[in-house]
Amino acid sequence: MGRITVRRAVARATVGAGQVRRIDTLAVEEPLEIRVAGTPLAVTMRTPGHDVELAAGFLVSEGVIGAAEDVRSAIHCGGPGTDGAINEYNVLDVTLADGVRPPSPEVTRAFYTTSSCGLCGKASIDAVRTVSRFDVRSDPVTVGVDEVTRYPDRLRADQAVFDKTGGLHAAALFDVATGELLVLREDVGRHNAVDKVIGWALLQGRLPLRGIVLQVSGRASFELVQKAVMAGIPVLSAVSAPSSLAAELADEAGLTLIGFVRGDHLNVYTRADRVRTG
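Source: prediction; values computed, not measured.

**Remarks on the side chain of threonine 256**
(1) Moving on: You can see threonine 256 is positioned in strand β14 (residues 256–262).
(2) Moving on: A polar contact is formed between the side chain of threonine 256 and the backbone oxygen of arginine 271, at a distance of 3.1 Å.
(3) Moving on: Not counting residues up to four positions away in its chain, the partners in contact with threonine 256 are Pro234, Val235, Leu236, Val268, Thr270, Arg271, Arg274 and Val275.

In structure tokens form, the structure reads like this:
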């Protein structure tokens, strides 16, 4: 895979003490062009690594695929890096299985998605209310407040690249029944980190993700709720705030949306019946 971090000389300035030259570690941000059967679909700015998972999760979020057998292969083809040189890991071509319909022209995006926005290019809110093949409303899972409040610390403890750079988002899947952290991924884009864990689940044959909590390191936006619903995840927990549109979609889909998970408390915005306090 491509570089995940780079070293760069910086000037560290302190009030009243001047500047000191030092070496800092930065998280790499490079474009990934996702193609389906050779046709460009989207370009996203991401941290290299787990690109097949990223592409698979993206295709789940767009309603193109929903099972591991829907993907025949995924091959890196090469593309330009941020330094102008060819990076063989910056184009990924996905071949779908026979009988799987390719993305519709409406899904194809004529410009890139940034690391901060995964829905740039969508024509309208109605266009992103993709119909999920999984029903999260009927998932009977319940989770204790004491469990959820431990997730952010467990997430942070496994953020190896964040420890070096301080500049990455993270997403993780927790199995409520066992308490196990199933998978964690980091990326400069919060939506990419979520796509990577969903893509991992798809390739492991674990969709829909019933009985699972998706924990994210930042805020809960509309697109993260959308991705959770498309993967059949019943609970989304965020360290920071949700948006109004995120709460609206979560309520509509029957997903439990939790925010401000800090210390020994949290806020439940939708489907509070799934959160046990005793």
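After presenting the structure, the write-up continues.
**A word on the pairing of strand β12 (residues 212–216)**
(1) Moving on: Burial runs high along β12: 5 of the 5 residues are buried.
(2) Moving on: As paired strands, strand β10 (residues 169–175) and β12 are joined by 5 bridges and run antiparallel to one another. The residue bridging phenylalanine 174 from the neighbouring strand is valine 213, located in β12.
(3) Moving on: Relative to strand β13 (residues 235–238), β12 runs parallel, the two being bridged by 4 bridges. Bridge pairing in β13 places valine 213 opposite valine 235.

**Remarks on helix α1 (residues 51–61)**
For the α-helix, the turn length of 3.6 residues means that residues three or four positions removed from each other point alike.
(1) Moving on: Of all 11 residues that make up α1, 10 are buried, and the element is covered over most of its length.
(2) Moving on: Within the sequence span of α1, burial applies to Asp51, Glu53, Leu54, Ala55, Ala56, Gly57, Phe58, Leu59, Val60 and Ser61.
(3) Moving on: In the segment just after α1, glycine 63 is the residue with positive phi, at about 80°.

**Examining the sheet that holds strand β3 (residues 30–36)**
(1) Moving on: One open sheet holds the 4 strands; their spatial order is β4-β3-β8-β5, and the pairing between them is mixed. The sheet is open, and its two borders are formed by β4 (39–46) and β5 (71–76), each paired with just one other strand. On average, each strand axis in the sheet is tilted by 20° relative to the strand beside it, whichever way the strands run.
(2) Moving on: By the bridge criterion, 5 bridges tie β5 to strand β8 (residues 91–96) in an arrangement that is antiparallel. Looking at β8, one finds that serine 73 is bridged to threonine 95.

Conventions adopted
- Residues numbered from 1 in each chain as written.
- Predicted model: local features only at pLDDT ≥ 70, side-chain atom pairs only at ≥ 80, totals over all residues.
- Heavy atoms only, no water.
- Helix = DSSP H or I, 4+ residues; strand = E, 2+ residues; numbered from the N terminus.
- Polar contact = N/O pair within 3.5 Å; in protein donor to acceptor, adjacent residues only side chain to side chain.
- Contact = heavy atoms within 4.5 Å.
- Buried < 20%, exposed > 50% of the residue type's maximum accessible area, 1.4 Å probe, protein only.
- Pairing = 2+ DSSP bridges.
- Axes fitted to C-alpha atoms, helices over the stretch in contact; angles between N-to-C directions.

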